[in-house]
Amino acid sequence: MDALLNKRIKQVLKGDQNAFTDVVTLYQHKLYQLCYRMLGNKQEAEDIAQEAFVRAYINLHSYDQKRKFSTWLYRIATNLCIDRIRKKKPDYYLDAEVPGTDGLDMYSHIAATDQLPEDAVEQMDLQDRIQYEISRLPDKYRSVIVLKYIEELSLQEISEILDMPLGTVKTRIHRGREALRKQLNNL
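So, here's what we can say about the structure. Every chain is numbered independently, its residues counted from 1 as its sequence is written. Only residues with pLDDT of 70 or above have their local features reported here, since the model is predicted, and side-chain atom pairs are shown and tallied only from 80 upward, although totals for entire chains, interfaces and linings are computed over all residues. Hydrogen atoms and water are omitted, and side-chain values are computed over all heavy atoms in the structure.

## What about a negative patch on the surface?
Condition: Residues enter patches when their relative accessible area tops 30% and they take part in no salt bridge; the joining distance is 9 Å for like charges and 5 Å for the nonpolar side chains Val, Leu, Ile, Met, Phe, Trp and Tyr. Computed by Shrake-Rupley with a 1.4 Å probe, the accessible areas treat only the displayed protein chains as cover when residues are assessed. Here a salt bridge means any side-chain nitrogen of Lys or Arg lying within 4 Å of a carboxyl oxygen belonging to Asp or Glu. We count Lys and Arg on the positive side and Asp and Glu on the negative side, and we leave His and both chain ends out. Each charge is placed at NZ for Lys, CZ for Arg, CG for Asp and CD for Glu. By the criteria applied, helices consist of DSSP H or I runs no shorter than four residues and strands consist of E runs no shorter than two, each listed in order from the N terminus. Only protein chains enter the accessibility calculation, which uses a 1.4 Å probe; a residue whose area is less than 20% of its type maximum is buried, one above 50% is exposed, and one in between is partly exposed.
Taken together, Glu118, Asp119, Glu122, Asp125 and Asp128 make up a surface patch of like negative charges. Within the element layout of this structure, Asp128 appears in helix 5 (residues 118–136). Accessibility expressed as a relative area gives 47% for Asp128, which makes it partly exposed.

Okay, here's the thing in structure tokens:
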């Protein structure tokens, strides 16, 4: 796969714009998932993933082919996500009560889907709660937790994506886990 990827990158660098389509196809789902886990919003994740591919294409000449392409691409996406998080202030929360209603929250405005078995609902609630708690972590912990446990990247890859020493990555993962554990103790 790496040989094919490097071949496509060389083709793009020689002027073949269509070769980048294969690169996008190869990474679009993983990159979207990374952005979604960091941002928690489908539309923003799509926008940031697209922006990451655009930036990768524009800056492909600066990519060092001796390194892993996915690490370089994930770093671009992670930095864009962090920038978006810093600029964005939440305007509403789903568990916030809707004014003028009798204790209804924003969840009550979400369209209901087919009835799911009770176990599936409990599992989804737990996943939602964990995702919500991850989104409440400070940026520096959220990014390493998402990359380690959601994207299942190695510590070395996380270190390269975030451009920080391996020891710092380990410390942030530990502190992020502890913060997450404290937040989840209420379950």
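## Brief notes about the environment of Leu80
Note the cut-off: Note on contacts: a residue pair is in contact if any heavy atoms of the two residues lie within 4.5 Å.
Structurally, Leu80 can be placed in helix 4 (residues 69–87). Relative accessible area serves as the criterion here: at 8%, Leu80 is assigned to the buried category. In the structure, Leu80 is positioned 45 residues away from Cys35 in sequence and 8.9 Å away in space, judged by C-alpha atoms. Contacts of Leu80, omitting those with residues within four sequence positions, involve Ile48, Glu51, Ala52 and Arg55.

## Looking at a nonpolar patch on the surface
Among the surface-exposed residues, Val54, Tyr57 and Ile58 lie close enough to one another that they form a single nonpolar patch of about 250 Å² accessible area. Of note, Tyr57 is situated in helix 3 (residues 42–58). Judged by relative accessible area, which is 32%, Tyr57 ranks as partly exposed.

## A few points about the packing of aromatic side chains
The criterion, for reference: The aromatic pairing rule takes the rings of Phe, Tyr and Trp, using the six-membered ring of Trp, and pairs them if the centres are within 6.5 Å, calling planes under 30 degrees apart stacked, those over 60 edge-to-face and the rest tilted.
Taken as a whole and judged by the stated rule, the model has six aromatic pairs. With a centroid separation of 6.1 Å and an interplanar angle of 25°, the aromatic rings of Tyr32 and Tyr36 are classed as stacked. Within this pair, Tyr32 and its partner Tyr36 are both found in helix 2 (residues 19–39), separated by four residues, close to a single helical turn. The exposure class of Tyr36 is partly exposed, given its relative accessible area of 28%. Cluster of aromatic residues (ring-pair linked, three or more members): Tyr27, Tyr63, Phe69 and Trp72.

## Some thoughts on helix 5
Using the following cut-off: Expected helix span is taken as 1.5 Å per residue step, with the number of steps being one fewer than the number of residues. Working note: the arc is built from the helix axis to C-beta atom directions.
In this model, helix 5 (19 residues) spans 27 Å end to end at C-alpha, consistent with the 27 Å of a helix rising 1.5 Å per residue. Buried within helix 5 we find Gln131, Glu133 and Ile134. Down the axis of helix 5, the sector holding all buried residues measures 165°, keeping them to one side. Buried residues along helix 5 sit against helix 2, helix 6 (139–150) and helix 8 (166–184).

## Comments concerning the side chain of Gln131
Looking at the element boundaries, Gln131 is found in helix 5. Beyond its immediate stretch of four places on either side in the chain, Gln131 contacts Tyr36 and Arg37.

## Looking at unusual backbone geometry
For Glu152, which is not a glycine, the phi torsion comes out positive at approximately 55°. Relative to the helices and strands, Glu152 resides in the loop between helix 6 and helix 7 (155–162). Backbone geometry at Asp163 places phi at a positive 55°, although glycine is not the residue there. Its location among the elements puts Asp163 in the loop between helix 7 and helix 8.

## So, helix 1 (residues 2–13)
Turn by turn, an α-helix covers 3.6 residues, leaving residues three or four places apart pointing in a common direction. For helix 1, built from 12 residues, the straight-helix expectation of 16 Å at 1.5 Å per residue is met to within 8% by its first-to-last C-alpha distance of 16 Å. Considered for burial, the residues of helix 1 that qualify are Leu5, Arg8, Ile9 and Val12. Projected down its long axis, helix 1 carries its buried residues within an arc of 100°, all on one side. Contacts from the buried residues of helix 1 go to helix 2, helix 3 and helix 4. Downstream of helix 1 by a residue or two, Gly15 has a phi angle that is positive, lying close to 115°.

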